[in-house]
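Residue strings, one per chain:
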Amino acid sequence: MATYEGFAELETKGWSDDTISSGYVTMFSEASDMAIPSILASIGSNERVLDLCCGQGNVTEAIAKAGHLVTGADFSTKMLSHARDRFPAGEFIEADAQDLPFDDGSFESVVCSFGLMHVPDQPKALSEIRRVLKPHGQFIMTSWCGPDVSPVFQVFYSCVQEHGDPSVKMPDSPNFHQFANQEAASSILSDAGFNVETQQQIDCFWVLDSPETLAEIFQNGAPRGGYLLSQQPTENNSAIKAAVAEKVRERFGHGDKWHAPLPASLIVARAS
Ligand SMILES: C[S@@+](CC[C@H](N)C(=O)[O-])C[C@H]1O[C@@H](n2cnc3c(N)ncnc32)[C@H](O)[C@@H]1O
């Protein structure tokens with residue numbers, strides 16, 4: 001199996017960077033937060049829950065306030081510090097999704113919202129998730145739909161493709177959008193010992209104050225977007241940003257704001 005070392009390094013560096021971690025919390029997560037009501041609706045009552053890749057603790061806090069006993073886990077001290085500031089009463093633990101510090105059968109549910117696509121060894125992470133779940137426990141995950149469905153990712157990828165320097169390449173990684181594809185998701189999860197029970201699309205979006213904000217969110221609020229843009233020569237970086245702003249004006253105009261849709265996919269799977 002590929003080890004995706006370059007990708008692992010990019011993700012580790014990105015989530016420990018001040019600009020990217022704060023940018024995710026203040027800009028990107030406006031859209032991620034919109035998945036929370038559907039996640040909560042998928043959890044039973046009074047459960048012991050692990051919120052894996054908990055980041056700034058947005059989902060952890062919501063799960064706790066819905067009456068569950070929840071632990072948030074993330075490998076980034078920067079993101080965990082955002083989580084502790086946001087929700088001081090929460091239980092947060094530093095842990096890598098590929099090597100979880102919990103006993104077998106500790107949780108009724110594991111939630112991983114917009115996290116798994118950042119993990120290099122996904123089979124290992126899924127095997128850890130299954131291990132820490134009680135028998136027949138449930139796994140709830142979200143991921144971003146790809147450019148076949150997502151207007152925001154269509155705009156971003158097409159502008160990078162058209163105006164980027166072809167020598168700037170992302171390190172090899174698992175397909176970032178594969179869990180939004182029903183067939184791929186069901187096959188990967190089934191290999192890991194899960195049955196997909198439901199998969200639904202959630203209408204997440206950003207309301208942008210300016211057409212320039214969309215490229216800024218990718219550059220300063222996401223490790224991969226940040227890498228793809230910051231590695232560009234200055235003229236390519238400027239050309240990509242100008243093209244993204246132009247497409248936002250064309251496609252996402254909405255009064256004096258710009259409404260940028262990035263649908264997400266929510267999967268509820270059960271350990272078989
Ligand atoms: C996109 S953020 C999602 C944060 C939050 N769950 C949300 O819904 O907004 C992804 C999070 O996954 C964490 N992460 C990435 N790779 C990880 C790994 N191997 N183990 C644990 N956490 C990881 C990052 O530090 C980051 O906080």
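This text follows the structure it describes.
Here's what I pulled together on the structure shown here. (Residues numbered from 1 in each chain as written. Predicted model: local features only at pLDDT ≥ 70, side-chain atom pairs only at ≥ 80, totals over all residues. Heavy atoms only, no water.)

### Here we look at the packing of helix 2 (residues 18–32) against helix 5 (residues 77–86)
Going by this rule: All axes are obtained by fitting lines to C-alpha atoms, using only the stretch in contact for helices, and the reported angles, taken between N-to-C directions, cover 0 to 180 degrees. Where helices and strands are cited, they refer to DSSP runs of H or I of at least four residues and of E of at least two residues respectively, numbered from the N terminus. Just so you know how the angles are binned, under 35 degrees is roughly parallel, over 145 roughly antiparallel, 65 to 115 roughly perpendicular, and the rest oblique. Two helices cross in a left-handed way if the nearer one is turned anticlockwise from the farther one by less than a right angle. They cross in a right-handed way if the turn is clockwise. In this description, contact between two residues means that some pair of their heavy atoms is separated by no more than 4.5 Å. Residues are grouped as follows: Ala, Val, Leu, Ile, Met, Phe, Trp, Tyr, Cys and Pro are nonpolar; Asp, Glu, Lys and Arg are charged; all remaining types, including Gly, are polar.
Contact geometry for helix 2 and helix 5: axes closest at 9 Å, N-to-C directions at 40°. Put simply, helix 2 runs oblique to helix 5. As helix 2 runs across helix 5, the sense of the crossing is right-handed. Note on element contacts: helix 5 touches helix 2 through Lys78, Met79 and His82, opposite Asp18, Ser21, Ser22, Tyr24 and Val25. Grouping the amino acids of the contact of helix 2 with helix 5 by side-chain chemistry returns three nonpolar, three polar and two charged.

### Looking at the sheet that holds strand 9 (residues 257–261)
Rule in force here: Any two strands are treated as partners once DSSP identifies two or more bridges connecting them.
A sheet is described by the order of its strands in space; here three strands give the open sequence 7-9-8, paired in antiparallel fashion. In the strand order of this sheet, the two ends are held by strand 7 (205–208) and strand 8 (253–254), each with one partner. Where strand 8 lies against strand 9, two bridges are found, and the strand directions are antiparallel. Of the residues in strand 9, the one forming a bridge with Gly253 is Trp258. Against the sheet, helix 9 (residues 213–221) touches strand 7 and strand 9, its axis set at about 120° to strand 7.

### A few points about the environment of Pro174
Threshold: Each residue is assigned to one of three classes by its accessible area relative to the maximum for its type, calculated with a 1.4 Å probe on protein chains only: buried under 20%, partly exposed between the two thresholds, exposed over 50%.
The topology assignment puts Pro174 in the loop between helix 7 (151–163) and helix 8 (182–191). Its relative accessible area of 6% is what places Pro174 among the buried residues. Along the backbone, Pro174 and Met117 are 57 residues apart, and their C-alpha atoms lie at a distance of 7.3 Å. Once residues within four sequence positions are removed from consideration, Pro174 is found in contact with Tyr4, Phe7, Val119, Pro120, Gln122 and Arg224.

### Quick notes on the packing of helix 9 against helix 10 (residues 223–230)
Packing of helix 9 against helix 10 brings their axes to within 5 Å, and their N-to-C directions diverge by 105°. By the angle between their axes, helix 9 is roughly perpendicular relative to helix 10. For the pair formed by helix 9 and helix 10, the contact residues are Ala215, Phe218 and Gln219 on the first element and Gly225, Gly226, Leu229 and Ser230 on the second. Tallied by class, the residues present in the contact of helix 9 with helix 10 amount to three nonpolar, four polar and no charged.

### Concerning the site of the ligand
For the record, the criterion: Near is defined per residue: the residue qualifies when any heavy atom it owns lies within 4 Å of the molecule or strand. Between N or O atoms, a polar contact is any pair within 3.5 Å; within protein, one atom must be a potential hydrogen donor and the other a potential acceptor, and residues adjacent in sequence are included only when both atoms are from side chains. Values of accessible area rely on a 1.4 Å probe in the Shrake-Rupley scheme; residue burial ignores everything except the protein chains shown.
Neighbouring residues of the ligand: 21 residues in total, closest Tyr24, Cys53, Asp74, Ala97 and Ser113. At a separation of 2.7 Å, an oxygen atom of the ligand approaches a polar side-chain atom of Tyr24. Contact between the ligand and Asp96: a nitrogen atom at 3.2 Å from a side-chain N or O atom of the residue. Calculation on the ligand without its partners gives an accessible area of 600 Å², and the protein chains cover 99% of this total. Looking at the shell around the ligand, the elements with two or more residues in it are helix 2 and helix 4 (58–65).

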